[in-house]
Protein chains: 2
Amino acid sequence: MSRKRIRDIRNEELIEATIVAVHKRGYGVVTMAEIAREAGASAASINYYFGSKEGLMEATMLHLLGKLRRAMSEGYATARTPRERLYAVMDANFADGLFTVPQCSIWMQFWANAPYSTRLSRLHRINRARVRSHFLAELRALLPADRVETARQALQCYMDGVWLQAAQSEEALDPDEARAAAHRVVDLVIP
Amino acid sequence: MSRKRIRDIRNEELIEATIVAVHKRGYGVVTMAEIAREAGASAASINYYFGSKEGLMEATMLHLLGKLRRAMSEGYATARTPRERLYAVMDANFADGLFTVPQCSIWMQFWANAPYSTRLSRLHRINRARVRSHFLAELRALLPADRVETARQALQCYMDGVWLQAAQSEEALDPDEARAAAHRVVDLVIP
DNA sequence: AACAGTTTTTTAAACGACCATTCAAGATTC
DNA sequence: GAATCTTGAATGGTCGTTTAAAAAACTGTT
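The following paragraphs examine the structure supplied in this document. (Residues numbered from 1 in each chain as written. Chains lettered and ligands numbered in written order. Predicted model: local features only at pLDDT ≥ 70, side-chain atom pairs only at ≥ 80, totals over all residues.)

1. Examining helix H5 (residues 82–93) of chain B
In an α-helix, one full turn covers 3.6 residues, which means residues spaced three or four apart are oriented alike. All names here are of chain B. Which entries qualify depends on this criterion: Helix and strand definitions here come from DSSP, where helices need a minimum of 4 consecutive H or I residues and strands a minimum of 2 consecutive E residues; each element is numbered from the N-terminal end. What a helix should span is 1.5 Å times the count of its residues minus one. Our exposure labels follow a C-beta count within 10 Å of each residue's own C-beta, placed from the backbone: buried means 20 or more other C-beta atoms, exposed means 12 or fewer, and partly exposed covers the counts in between. Any residue pair is listed as a contact if its two C-beta atoms, each placed from the backbone, are within 7 Å.
If you check H5, its first and last C-alpha atoms are 17 Å apart, about what 12 residues at 1.5 Å a residue would give, namely 16 Å. Along H5, the residues that are buried comprise Arg85, Leu86, Ala88, Val89, Met90, Asp91, Ala92 and Asn93. If you follow the buried residues of H5, they end up packed against helix H4 (53–78), helix H7 (118–142), helix H8 (145–168) and helix H9 (175–189).

Here is the structure:
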């Protein structure tokens, strides 16, 4: 039990260090040594835990996807109407613990690199399909059928676009404001 | 004059090869040798023309930005009403010669890497500001002042989001359909 | 509490591969 | 014959991964 715990703690620490290091230096050029320094460990120990650099990156992506999935489940649990659930999908993407520059940044990097890794692109496709089906389910209850698809594209692309911009930001983000803006966009699309 | 011509031809060829090679292999991992092979030249000759890998990448980005700027100017020239000009901004982003998988892909890669290069991020900021001011100018003529900013965010982020998705596509893109979808989104936001 | 044996964790150093860039010599164009 | 262009080979450096050995953590026994 205690043995298991150590492994989990190290995993978490190394993944957090990966997020920070990738944000600081960029996915393409960050080195194992830099990630290790960020975590106060050695490059060799990262390989001990994750097998390879690619394994570390995949684990980091899984970690972020899990965070996003949990944030969305929580929101869904309390939302009662289709519109509230639509807000909830948005809010999950702009949740306090998720909508930070380093995380938007690393998400962008993964996104850009997903086409070159079958494992990453698989994770990516699954996540996108889930968001998509959530949007469709709620929009069908709010709009006539012939306007659902356009609204879905508008909202889903909006979310992606906000993250894309956020990754470029030089100041800290304001999740509250982001959620408020997202609600305004929802209200614009579905009066 | 003829000497000048050769240099221009080579520049163009090498930049096109760069776009294809970066699309195939990824910005972070593509090598000079791969770009050279794509162009049917040697890695050394790329350095002869562009000085360094970073110089080549910057020139490629400038090339793409120029394309986008020209596409937008053309559209603006014929558009007569604010709504038509709004369509024109969208159409420029989804123009036939621009909205292809390799170009969306490389754009994404540059985007992801812009924060780590002062030169790239500068180009990026300038382009974004120009698109933004175009949007604002037209939207102010179409909407009450208190709804302009929300509409601008919705449309600009939508554009970014579409590119982001397009970069992941495994099939060829359909610029016609993309423009039609963009028009529908404009109509959704500005009834 | 102390100790010896076992397992898990850590890292310094070595390895091997890869890559951007330079350079000098040759090819091409004017 | 001079200027421009091209490239094979050499250079110098970087990085991911492996390895072997040490350190630390744990276990059961006395």
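2. With respect to the protein's contact with DNA strand D
Our working definition: For each residue, a C-beta position is placed from the backbone atoms; the residue is near a molecule or strand when that point lies within 6 Å of it. Ten residues, namely Ala, Val, Leu, Ile, Met, Phe, Trp, Tyr, Cys and Pro, are considered nonpolar, four, namely Asp, Glu, Lys and Arg, are considered charged, and the remaining ones, Gly among them, are considered polar.
Neighbouring residues of DNA strand D: 20 residues in total, closest Thr31, Met32, Ser52 and Lys53 of chain A together with Ala44 of chain B. Within the residue set of the surface near DNA strand D, elements represented by two or more residues are helix H1 (2–25), helix H2 (32–39), helix H3 (43–50) and helix H4 (53–78) of chain A together with helix H1 (2–25) and helix H3 (43–50) of chain B. In terms of residue count, the dominant contributor to the surface near DNA strand D is H1 of chain B (four residues). Looking at side-chain class alone, the surface near DNA strand D contains eight nonpolar, six polar and six charged residues.

3. Observations concerning the relation of the copies chain B and chain A
Threshold: The copies were overlaid with a least-squares fit restricted to C-alpha atoms from residues scoring a pLDDT of at least 70 in each copy.
Of the transformation superimposing chain B on chain A, the axial component is 0.0 Å and the angular component is 180°, with the fit at an RMSD of 0.1 Å. What we have between these two chains is a two-fold relation. A shared interface surface links the copies, since 100% of the contact residues of chain B are contact residues in chain A too.

4. Brief notes about the interface of chain B and chain A
Contact residues are listed per partner, giving 31 residues for chain B and 31 residues for chain A. Going through the elements one at a time, helix H6 (101–113), H8 and H9 of chain B are the ones with two or more residues in the side of chain B that touches chain A. With 13 residues, H8 of chain B is the single largest residue contributor to the side of chain B that touches chain A. Class assignment for the residues of the side of chain B that touches chain A results in 18 nonpolar, 11 polar and two charged.

Coordinates in, geometry out; function isn't part of it.
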